[in-house]
Amino acid sequence: MKTTAPPALIVNGRRLRIKAGDRRKILLTFLREDLDLTGAKRGCGIGMCGACTVLADSRPLRACRTLVGAVLGRSLTTIEGLAAPDGGLHPLQQAFIDAGAIQCGYCTPGMVLTTHAFLLKHPEPSRAEARRAISANLCRCTGYQQIIDAILAAAPHYRKKE
Ligand code: FES
Ligand code: FES
């Protein structure tokens, strides 16, 4: 007799079995409190600020507005999964540091993942395109210019690989 595999969720390459009781949890809460992945932040909690952004199959997703049960079978990437396994920063993360695109840092995980998804599809963006790409992610500190500088500085990396 064929058995059905228990529902799974892949988080940063790790396959997790999801208990029935966890399916109704808010994804952001599940990531932060159950998996101890605290990179994604709770800002507005209503899908407006982007601080909670994670990637689902390389597309940005607002974890504060998503139930765990809605992403079963998908592959999630949090900011913890972007760095190399040895902890080395991803070139995009390094570009944010080099450009001074981080002040308090609260928006940064969501901003970096949103940007990563964008650059995978648009590795040669104009400044205007880069600005549009982050228009749904709010930053109260930087004034956005350094973030756009970081996106443009990291773009050549995406033209080479990924
Ligand atoms: S905390 Fe999710 S969009 Fe603001
Ligand atoms: S660096 Fe503070 S909110 Fe963006």
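Residues numbered from 1 in each chain as written. Chains lettered and ligands numbered in written order. Predicted model: local features only at pLDDT ≥ 70, side-chain atom pairs only at ≥ 80, totals over all residues. Heavy atoms only, no water.

Undergrad: I'd like to hear about the layout of surface pockets, residue by residue, with values.
TA: One number sums up the size of the largest pocket: a volume of about 190 Å³. What lines the largest pocket is simply S58, R59, P60, T114, A117, F118, L120, K121, H122 and A133. When residues of the lining of the largest pocket are traced back to their parent elements, those giving at least two are β4 (59-62) and α3 (108-121). Of the residues contributing to the lining of the largest pocket, the split by class is five nonpolar, three polar and two charged. (1 Å grid on protein atoms, 1.4 Å probe; cavity = no way out; pocket = protein on both sides within 12 Å on 5 of 7 lines; lining within 4 Å. Points joined across faces, edges and corners; volume = space filled by probe spheres on them. Helix = DSSP H or I, 4+ residues; strand = E, 2+ residues; numbered from the N terminus. Nonpolar A, V, L, I, M, F, W, Y, C, P; charged D, E, K, R; others polar.)

Undergrad: So what's going on with the pattern of salt bridges? Residues and values would help.
TA: For the structure on display, the rule yields four salt bridges. Residue K25 pairs with D34 through a salt bridge whose shortest N-O separation is 2.8 Å. For K25, a relative accessible area of 28% puts it in the partly exposed group. In this structure, D149 engages R127 in a salt bridge whose closest nitrogen and oxygen atoms are separated by 2.9 Å. Remark: R127 occurs in helix α4 (residues 127-133) and D149 occurs in helix α5 (residues 145-160); sequence separation between them is 22 residues. Where salt bridges share partners, they join D22, K25 and D34 into one cluster. (Salt bridge = Lys/Arg side-chain N within 4 Å of Asp/Glu carboxyl O. Buried < 20%, exposed > 50% of the residue type's maximum accessible area, 1.4 Å probe, protein only.)

Undergrad: Account for α5, with residues named and values stated.
TA: Bending of α5 peaks at approximately 30 degrees at the position of A154, with proline P156 no more than four residues after it. Those residues of α5 that sit buried are I147, I148, A150, I151, A154, A155, H157 and Y158. If you follow the buried residues of α5, they end up packed against α2 (91-98), α3 and α4. (Bend = angle between axes of the 7 residues up to and from the residue. Contact = heavy atoms within 4.5 Å.)

Undergrad: Explain the sheet that holds β4 residue by residue, including any values.
TA: Strand order across the open sheet formed by five strands is β2-β1-β5-β3-β4, with mixed pairing between neighbours. Looking at strand neighbours, the two that pair on one side only are β2 (14-17) and β4, the edges of this open sheet. On average, adjacent strands in this sheet sit at an angle of 35 degrees to one another, irrespective of strand direction. Of the pairings in the sheet, the one linking strand β1 (residues 8-11) to β2 comprises four bridges and is antiparallel in character. Bridged to L9 within β2 is L16. (Pairing = 2+ DSSP bridges. Axes fitted to C-alpha atoms, helices over the stretch in contact; angles between N-to-C directions.)

Undergrad: Just give me the short version of a nonpolar patch on the surface, but keep the residues and values in it.
TA: On the surface, L89, I97 and I102 cluster together into a nonpolar patch covering about 240 Å² of accessible area. With respect to the secondary-structure elements, I102 resides in the loop between α2 and α3. A relative accessible area of 35% places I102 in the partly exposed class. (Patch = residues over 30% accessible without salt bridge, like charges linked within 9 Å, V, L, I, M, F, W, Y side chains within 5 Å. Areas by Shrake-Rupley, 256 points an atom, 1.4 Å probe, with all protein chains shown as cover.)

Undergrad: Residue-level account of unusual backbone geometry, with values.
TA: The backbone phi angle of N12 is positive, close to 50 degrees, even though this residue is not glycine. Relative to the helices and strands, N12 is located in the loop between β1 and β2. On the basis of relative accessibility, which here comes to 29%, the residue N12 falls in the partly exposed class. Its identity as a non-glycine residue notwithstanding, D36 has a phi of 60 degrees, on the positive side. Mapped onto the fold, D36 is located in the loop between α1 (27-34) and β3 (53-56).

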